There are 2 protein chains.
Amino acid sequence: MARTQRVTLKEIAARTGVSMTTISKVLNGAADVSSATRELVEGHLRESGYRRRNSRQRREYVEVVLHELEGEWALAIIEGVRETAAQAGLVVSLSVSGDRHAPGADWFDAVVRRRPIGIILLFAGIAAEGRAKLTSRSIPFVLIDPAGDPDPGIPSVGSANWAGGLDATRHLIDLGHRRIAAIAGPEDVMSSLARVDGYRSALTAAGLPVESELTRFGDVDRESGERFAHALLSLTDPPTAIFAGSDVQALGVLHAAAARAVDVPGQLSVVGFDDLALAELANPRLTTIHQPLREMAEHATRLLLGPVEDRQLGVTRVELATRLVVRDSTAPPARPPRSGW
Amino acid sequence: MARTQRVTLKEIAARTGVSMTTISKVLNGAADVSSATRELVEGHLRESGYRRRNSRQRREYVEVVLHELEGEWALAIIEGVRETAAQAGLVVSLSVSGDRHAPGADWFDAVVRRRPIGIILLFAGIAAEGRAKLTSRSIPFVLIDPAGDPDPGIPSVGSANWAGGLDATRHLIDLGHRRIAAIAGPEDVMSSLARVDGYRSALTAAGLPVESELTRFGDVDRESGERFAHALLSLTDPPTAIFAGSDVQALGVLHAAAARAVDVPGQLSVVGFDDLALAELANPRLTTIHQPLREMAEHATRLLLGPVEDRQLGVTRVELATRLVVRDSTAPPARPPRSGW
């Protein structure tokens, strides 16, 4: 997105020997162009750094691309984009790529035809070729990336996962806990690492030891939370508090505790992460770290609809703050437990 | 939607004395037409039963109108529409009307400009004037109406609430329960009435008395479920089972039971309604009635994209079946409890 518009379509026509009409068809994603011609034109558009001027055509849509439409996450993101777009008189449209990593080639062809005002991607990256396609059509894009591992070429908005892990653990330390376990998401996801690093830093800052048997990485589903909680509560010296990497994992911890007749928060404190609606509905109501999903979506949309310079600064990465929400699943520890609840 | 296209724009121009260009602007929702002229033209369009021919313009969007973007409901509906639309090469766009009853005038003006291929409405009705506006532009619409109270002039898809109430209650009777309470949504919502009627019919069919103190109508939130459960469990002769009108109310019942140290399902069986994700995550996992939300959305979208005749048949109302999902919150009753747990 660095070069500004210098080349005209006339010059591209002269260089490629392709007619203006056909080049215009390629730009608009029309189907009746051979793939050889299309590739030739796309190549020249890319190399020349061509950028379409703002078209006079009405463009009313901001497109949101998700890899699946599931869970409160998707909804919070959509609602944040929708509301910010609505303030600008725009409507949200939805694409589901079915792939966590990047939208497919079909999607690029179709989105060039639709020409939304801009694109918000959740999680997914965009390969260089796709970026060039969108840039040549003046369709801007911003990535919402709660996982904390954005493609370096794309402006993105995330949340402060490390600080969230730190706050959750500090809360438990402040309550008097000294033996605190962490259950995290997959070890190859940056947000899991960042949260666990925040947890470790809080322990170290309080002069507490970091014990490897007290950290478990795995899936973010309820079953993993349940399994890890059983393992942790079976230790010779079990933890008095568990910081879970997601609310859903924390629910699994609550189930395991209930199955072992371990009272939460009397005998075990539990902190989640995300602050989904289920955190408020859980029994006991879950203390958790609020992820500013909706705010991330609002910020990403403002970035998308704002001046192009705001999206470029080197490339833009914004992290919004999480915050601790104290409910009923945390309390000061009971007297040191006997081994193996 | 009964009359077919007979009148031409030329005839409307002749009758109104308004130029073809201006009439065309009104049809396309352009802003630069006086409101007096606009009303004059709209009136003639409506009275004459004019219907725009399918435009050559690309139309790629199916618009979903919700009164709010919240909860799994919204997501299940959006996903059902999205997937069916995607199979037809279409993309979903979202409007939020902010009003449960009907989209506002602003929305009609904007949607006429956007010209989606069709519109799916959740809950909301459309007044006759709005219907005429959409019909004259050949923009079809279908209502998804889980509440069971559709506007009679609009094709709609709902679910079989009465049968759901019947199935939930039969399940409890089959387990051996004889004193079964029902907690329902508001008394002026058709789906609440239908579910409670299903509950009463199941009792009557089994030769059990219908006792008014065992039925409570109210809000569908957790707090209402909790409050009603406390009231029911405080009766001299408390119920051994509660059929709740929603999963969220059922969660409230679980909280009340936990607070009174009443074991679920040992001393109290609980059935929910909806089968949201939280039903599977609750502790104990909730037996509930599955609402086919996604299937309703798929069906509505097929109806929208199919031949116009399918939407007219007098006017179409489709109800999809619910089904009982047995999990861990129901069991045979314990011996008759002493009064007042």
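A quick note: this is a predicted structure, and the numbers were derived from the prediction, not measured. (Residues numbered from 1 in each chain as written. Chains lettered and ligands numbered in written order. Predicted model: local features only at pLDDT ≥ 70, side-chain atom pairs only at ≥ 80, totals over all residues. Heavy atoms only, no water.)

**Observations regarding the overall build of chain A**
Okay, so step 1: The number of helices and strands found in chain A is 13 helices and 12 strands.
Okay, so step 2: Projected onto the principal axes, the alpha-carbon positions of chain A cover approximately 85 × 35 × 30 Å.
Okay, so step 3: By sequence separation, contacts in chain A at least 24 residues apart represent 73% of the contacts at least 6 residues apart.
Okay, so step 4: A total accessible area of about 14200 Å² is found for chain A, and carbon and sulfur atoms account for 50% of it.
Okay, so step 5: Charge-centre separation for chain A: the mean point of 39 positive side chains lies 7 Å from the mean point of 42 negative side chains. (Helix = DSSP H or I, 4+ residues; strand = E, 2+ residues; numbered from the N terminus. Contact = heavy atoms within 4.5 Å. Areas by Shrake-Rupley, 256 points an atom, 1.4 Å probe, with all protein chains shown as cover. Lys, Arg positive; Asp, Glu negative; His and termini not counted. Charge placed at Lys NZ, Arg CZ, Asp CG, Glu CD.)

**Examining helix α5 (residues 105–114) of chain B**
Okay, so step 1: Residues of α5(B) that are buried: Trp107(B), Phe108(B), Ala110(B), Val111(B), Val112(B) and Arg114(B).
Okay, so step 2: Remark: Arg115(B) follows α5(B) within two positions and exhibits a positive phi of approximately 50°. (Buried < 20%, exposed > 50% of the residue type's maximum accessible area, 1.4 Å probe, protein only.)

**Quick word on the pattern of salt bridges**
Residues and elements named next belong to chain B.
Okay, so step 1: Within the structure shown, the criterion is met by 36 salt bridges over all chains.
Okay, so step 2: For the salt bridge of Glu79 with Arg294, the shortest nitrogen-to-oxygen distance reads 3.7 Å. Pair noted here: Glu79 is in helix α4 (residues 71–87) and Arg294 is in helix α12 (residues 293–305), with a separation of 215 residues, a long-range link.
Okay, so step 3: The exposure class of Arg294 is partly exposed, given its relative accessible area of 31%. (Salt bridge = Lys/Arg side-chain N within 4 Å of Asp/Glu carboxyl O.)

**Structural notes on the interface of chain B and chain A**
Okay, so step 1: At the junction of the two partners, chain B supplies 29 residues and chain A supplies 29 residues.
Okay, so step 2: In this assembly, chain B packs against chain A so that about 2700 Å² is buried in total across both faces, 63% of it on carbon and sulfur atoms.
Okay, so step 3: By the criterion of area lost to chain A, the three top residues of chain B are Tyr61(B), Leu75(B) and Leu281(B), representing 24% of everything that side buries.
Okay, so step 4: Inspection of the chain B/chain A interface yields 0 salt bridges.
Okay, so step 5: There are 6 residue pairs in polar contact (both at pLDDT 80 or more) connecting chain B and chain A.
Okay, so step 6: Secondary-structure elements contributing two or more residues to the side of chain B that touches chain A are α4, β2 (91–96), α5, α10 (247–259) and α11 (277–281) of chain B.
Okay, so step 7: The element that contributes the greatest number of residues to the side of chain B that touches chain A is α4(B), accounting for 6 residues. (Buried area = accessible area lost by both parts, 1.4 Å probe. Polar contact = N/O pair within 3.5 Å; in protein donor to acceptor, adjacent residues only side chain to side chain.)

**Looking at the pairing of strand β8 (residues 241–244) of chain A**
Residues and elements named next belong to chain A.
Okay, so step 1: Across the two faces of β8 the burial is the same, with Ala241 and Phe243 and Ile242 and Ala244 all buried.
Okay, so step 2: In terms of strand pairing, strand β6 (residues 180–184) meets β8 through 4 bridges, oriented parallel. What sits directly across from Ala181, in β8, is Ile242.
Okay, so step 3: In terms of strand pairing, β8 meets strand β9 (residues 269–271) through 3 bridges, oriented parallel. Across the sheet, Ile242 pairs through a bridge with Val270, a residue of β9. (Pairing = 2+ DSSP bridges.)

**Concerning the packing of aromatic side chains**
Okay, so step 1: In this structure the tally under the stated criterion is 5 aromatic pairs over all chains.
Okay, so step 2: Consider the rings of Tyr61(A) and Tyr61(B), whose centres lie 3.7 Å apart with planes at 10°: the pair is stacked. Of this pair, Tyr61(A) sits in strand β1 (residues 61–66) while Tyr61(B) sits in strand β1 (residues 61–66), which puts the two residues in different chains.
Okay, so step 3: Judged by its relative accessible area of 7%, Tyr61(B) is buried.
Okay, so step 4: Pairing Trp107(B) with Phe108(B) gives two aromatic rings, centres 4.9 Å apart and planes at 75°, and the pair type is edge-to-face. Like Phe108(B), Trp107(B) is buried.
Okay, so step 5: A cation sits over an aromatic face here: Arg195(A) above Phe273(A), 3.7 Å from the ring centre. (Phe/Tyr/Trp six-rings, centres within 6.5 Å; stacked < 30°, edge-to-face > 60°. Lys NZ or Arg CZ within 6 Å of the ring centre and 35° of its normal.)

**So, the domain arrangement of chain A**
Residue and element names in this part refer to chain A.
Okay, so step 1: Each domain of chain A was delimited in the assignment, giving domain 1 (59–159 + 293–320) and domain 2 (161–291).
Okay, so step 2: Relative placement of domain 1 and domain 2: their C-alpha centres are 31 Å apart.
Okay, so step 3: With both sides pooled, the region where domain 1 packs onto domain 2 buries about 820 Å², and carbon together with sulfur makes up 43% of that total.
Okay, so step 4: Linking domain 1 with domain 2 are 0 salt bridges, by the criterion used here.
Okay, so step 5: There are 3 residue pairs in polar contact (both at pLDDT 80 or more) connecting domain 1 and domain 2.
Okay, so step 6: Listed by contribution, the elements that provide at least two residues to the side of domain 1 that touches domain 2 are α4 (71–87) and α12 (293–305). (Domains from an automatic or database assignment.)

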